[in-house]
Structures are given as C-alpha cells and as structure tokens.
Amino acid sequence: MSESGLTQLGDGVWAFLRPSGGWGEANTGLVVAQGTASLVVDTVWDVAWAKRVAEVQQPLVADAPITEAVNTHSDGDHWWGNDTLPAGTRITTSAAALGGMHEDLPPAALTAMATTGELIGRMPGPIGAAGAYMARVRAGARLPRRTPRFPDHIFDETHRLTIGDRTVELERLGPCHTAGDLVAHVPDAGVVFAGDMLFIGTTPILWHGPLENWIAALDRLLAWDADVYVPGHGPLCGADEIRELRAYWVWLREASRARYDLGIGARQAARELARSTEFERWRHWSSPERMVLNLSTLFDQWHGNPPGPPTVLRRARAFADAEALLREGVF
C-alpha cells in the first residue's frame, strides 16, 4: 500500500495520498514544469488537511508557481479546499461538474447536518440511522465555513492544458460517480489522475449513473496503459486493480438485478448479497455497506427514473439503510 503523504510518481509529478481512502480522504496531485509553472489536481475539504497539502507542496513550486488547477468532479472533498490555491490560479473543471457544484449543499449546510446527525444518531428508527450515517460521512473533518472558490474555466468533453513545456490532457468520462467526472492524463509521465472514477481498496459509490458509463470509463482508463493511476480514494494502482473494480461493478449489476426483478428491496438485496460467497472477493474493501447506496441508485433507475443526483429523500433513505445494516452486523 502507498504511504500517506507526498509521493513522487515521475519527473515533476507528485500525489498527496491518503491511502486509507475513507469518507473525505481524497488524494490530490501536482504537476510541475521546472522553472515555469505548476498545476494542482483537486483540493480536499478538511481545512487542516488542505493547508497541510499546500504547505508540503510549497518547496516544489518555489520556482514554478501554481497557475492552473483542476477539480475532477463536484463532490466537496475534491474542491472545497480551493481557497488554499494562489489567488491567480485558473481552476478548470467540466461544465457538468460546475453545475453540480452549484447545486450541491454548501459546506456550512453539510456541517450542520453532520452535527445534527451526531445528536440524533442514537434515536431509534430510520431518522436516527440516517443521522448517524451522515456523521460518518463527515468523519470528523472540519469543513470550510463558507463556500470556496468555484472553478472559472470549463470544458465539455476534452481539453488540453499547457504547463510550461508539459501538457495535461483532460477528458470527461461522466456521468458516472457524479454528473461531470473527469480525469487528468499526464502522458510524458505515464500518470493518470482518475478522481473518483477509481476507488481502490475502498467501496465505490454510484451517486449519479448510469453504471454502464462507469464500466466504459474503466475501459477507457485501461486503454491508456499508464504506468500509474492515482485514484480519488485509496492507494496508487495499476491495471489489475482497475479490472478488479470493473469486476465488482459487473457482479453487483447482475446480482442485484436478479433480486430487483423478484421485487426485493434495496436493503434486503444488499443483505443477501453481503452474505453471498461471491461477495467475499470484495468484503475486505473499506465501507462495504456502501453497496446499499449503489443499489439505491440502480434500483431507482430500473424503476424508470433517469440518471441524476440523488434527491435528499433518496439519499436519506439510503443512509438509513446503510447504518441499519452496519448495526445488524451484516457488514
């Protein structure tokens, strides 16, 4: 497993890793063109961690100031640290991701919900369970008090950034995890910053869908045949780990569809799948209860609803189901 902290991946390319990959424990990247300019890939939502990343990067960019940044998608744990970037930094994301950033709850609201969740988490029933799981999502992070800087540069499908004498290729592969997921490919270093297209050693989350897009996105990542892939959550990986993530999604889609067709609900389907012998292959991944969050999305779309971000009600029900299954000891 990769060590936590700053890790050099190639000439002038680093990642700041939090390889446990839990809620909010996102990886970030840095691409430096010596003597000219630098680019940052993602920022983190915890105020202390965001400052730590910025401070650790400072010696590396002393003669190559940060002029560009990329946010890979709209989840706050990948952009709520944008205020730690130098004021003149241009921040790029996909148009769909920017829309999601404006639509999502601001950090102050998430803090309030998580704090309330801690207070009501011991209440019986789904309200208490949803609150307790909301507190898990924040996981003790201290979020910004105000909404940070939004990206000021967008693209639709592909875009090329020039950093000194280097190029960074951006490609939107979403909607999958969220509406506008993008990845950043550094061809001369053989590195791909994959954002939340990759969860490694930790259970992925299908917030938006469709799942078929995510499977196709993994095939696209494999086609690059990069030397190293930086996931949004978890340790550095190669092709084998991507194939294992792909296998999880294919299995979950097929196994859960069979139960959906029998009229089984998402919580019971997750309970049955968690107890199956097939699931042993992925049981060691952290946060395995996220399976029921994924089933919430899949079942909603199989009901005939179009892919989209979860409503507050659907997310709350999925959180309550996840917490209930944890309390049962299913995961």
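These numbers were taken from a predicted model, which means no experiment stands behind them.

A. Highlighting the overall build of the protein chain. Each helix and strand in the protein chain was counted, giving 9 helices and 12 strands. At 19 Å, the protein chain has a C-alpha radius of gyration in line with the 20 Å of a compact globule built from 331 residues. Dimensions along the principal axes, computed over C-alpha positions, put the protein chain at roughly 60 × 40 × 35 Å. Scored against the burial criterion, the 331 residues of the protein chain give a buried share of 59%. Residue pairs in contact within the protein chain that sit at least 24 positions apart in sequence constitute 68% of those at least 6 positions apart. For the protein chain, the accessible surface area stands at approximately 13500 Å², while carbon and sulfur atoms represent 53% of it.

B. View of the nonpolar core. Core analysis: the largest hydrophobic core is formed by 68 residues, its most contacted members being Leu198, Trp214, Leu221, Trp249, Met291, Leu293 and Leu295. If one sorts the elements of this core by residue count, helix H6 (residues 239-261) sits on top with 10 residues. Apart from residues no more than four positions distant in its own chain, Leu295 is found in contact with Leu252, Ser256, Ala266, Ala269, Ala270, Leu273 and Asp300. Listed in part, the 23 residues of the second largest apolar core include Val13, Leu17, Ala189 and Val228.

C. A look at the side chain of Asp300. By the element assignment, Asp300 lies in helix H8 (residues 290-302). Here Asn305 takes part through its side chain, which lies 2.8 Å from a polar atom of the side chain of Asp300. Those residues in contact with Asp300 that sit more than four places away from it in its chain are Leu295, Asn305 and Arg314.

D. Focus on the environment of Gly209. Its place among the elements puts Gly209 in the loop between strand E11 (191-199) and helix H5 (211-224). For Gly209, a relative accessible area of 0% corresponds to the buried category. Taking the C-alpha atoms as reference points, Gly209 and Val41, 168 residues apart in sequence, are found 23 Å from one another. Setting aside residues up to four positions removed in sequence, Gly209 forms contacts with Pro175, Cys176, Gln301 and Pro307.

E. Molecular detail of the pairing of strand E2 (residues 13-17). Extensive coverage of E2 is indicated by the burial of 5 of its 5 residues. Pairing of strand E1 (residues 5-10) with E2, which is carried by 5 bridges, proceeds in the antiparallel orientation. Directly across from Gly5, in E2, lies its bridge partner Leu17. Where E1 folds back onto E2 in an antiparallel hairpin, the turn is made up of 2 residues, including Gly12, whose phi is positive at roughly 70 degrees. Direction of pairing for E2 relative to strand E3 (residues 28-33): antiparallel, over a ladder of 4 bridges. Note that in E3 the partner of Ala15 across the bridge is Gly29.

F. Local environment of the sheet that holds strand E9 (residues 166-172). Spatial strand order, E8-E9-E10-E11-E12: 5 strands in an open sheet with mixed pairing. Edge positions in the sheet fall to strand E8 (158-163) and strand E12 (228-233), since each of these pairs with one other strand and no more. Across the sheet, the mean angle from the axis of one strand to that of its neighbour is 25 degrees, orientation sign disregarded. Alignment of E9 against strand E10 (residues 182-186), held across 4 bridges, turns out to be antiparallel. Bridging from a neighbouring strand, Glu169 pairs with His185 of E10. Strands E11 and E12 of the sheet are contacted by H6, whose axis makes an angle of about 25 degrees with E11.

G. Spatial organisation of H6. For H6, spanning 23 residues, the distance from its first C-alpha to its last is 33 Å, which sits close to the expected 33 Å at 1.5 Å a residue. Those residues of H6 that fall on the buried side of the exposure criterion are Ile242, Leu245, Ala247, Tyr248, Trp249, Val250, Trp251, Leu252, Ala255, Ser256 and Tyr260. In the segment just after H6, Gly263 is the residue with positive phi, at about 85 degrees.

H. Broad picture of the packing of aromatic side chains. All told, the structure shown has 19 aromatic pairs when counted by the stated rule. Note on Tyr133 and Phe319: the rings are 5.2 Å apart at their centroids and 50 degrees apart in plane angle, and the pair reads as tilted. One end of the pair, Tyr133, is in helix H4 (residues 125-138); the other, Phe319, is in helix H9 (residues 312-328), with 186 residues separating them in the sequence. Exposure class is identical for Tyr133 and Phe319. Each is buried. Among the aromatic residues, ring-to-ring pairing joins Phe199, Trp214, Tyr248, Trp249, Trp251, Phe279, Trp282, Trp285 and Phe331 into one connected group. Looking at Arg18, its charged tip hangs above the ring of Trp49, at a distance of 3.6 Å from the centre. It is Arg290 that lies over the ring of Trp23; its NZ or CZ is 4.3 Å from the centre.

I. Expanded view of the pattern of salt bridges. Counted by the stated rule, this structure contains 20 salt bridges. With a closest N to O distance of 3.8 Å, Arg18 and Glu25 form a salt bridge. Overall, Arg18 belongs to the buried group, its relative accessible area being 12%. A salt bridge links Glu244 to Arg281; the shortest N-O distance between them is 2.8 Å. Here Arg281 lies in the loop between helix H7 (266-274) and H8 and Glu244 lies in helix H6, a separation of 37 residues in the sequence. A single network of salt bridges, built from pairs that share partners, joins Arg136, Glu323 and Arg327.

Calculation criteria
- Residues numbered from 1 in each chain as written.
- Predicted model: local features only at pLDDT ≥ 70, side-chain atom pairs only at ≥ 80, totals over all residues.
- Heavy atoms only, no water.
- Helix = DSSP H or I, 4+ residues; strand = E, 2+ residues; numbered from the N terminus.
- Rg over C-alpha atoms; globule rule 2.2 N^0.38 Å.
- Buried < 20%, exposed > 50% of the residue type's maximum accessible area, 1.4 Å probe, protein only.
- Contact = heavy atoms within 4.5 Å.
- Areas by Shrake-Rupley, 256 points an atom, 1.4 Å probe, with all protein chains shown as cover.
- Core = buried A, V, L, I, M, F, W, Y, C linked by side-chain atoms within 4.5 Å.
- Polar contact = N/O pair within 3.5 Å; in protein donor to acceptor, adjacent residues only side chain to side chain.
- Pairing = 2+ DSSP bridges.
- Axes fitted to C-alpha atoms, helices over the stretch in contact; angles between N-to-C directions.
- Expected span 1.5 Å × (residues − 1).
- Phe/Tyr/Trp six-rings, centres within 6.5 Å; stacked < 30°, edge-to-face > 60°.
- Lys NZ or Arg CZ within 6 Å of the ring centre and 35° of its normal.
- Salt bridge = Lys/Arg side-chain N within 4 Å of Asp/Glu carboxyl O.

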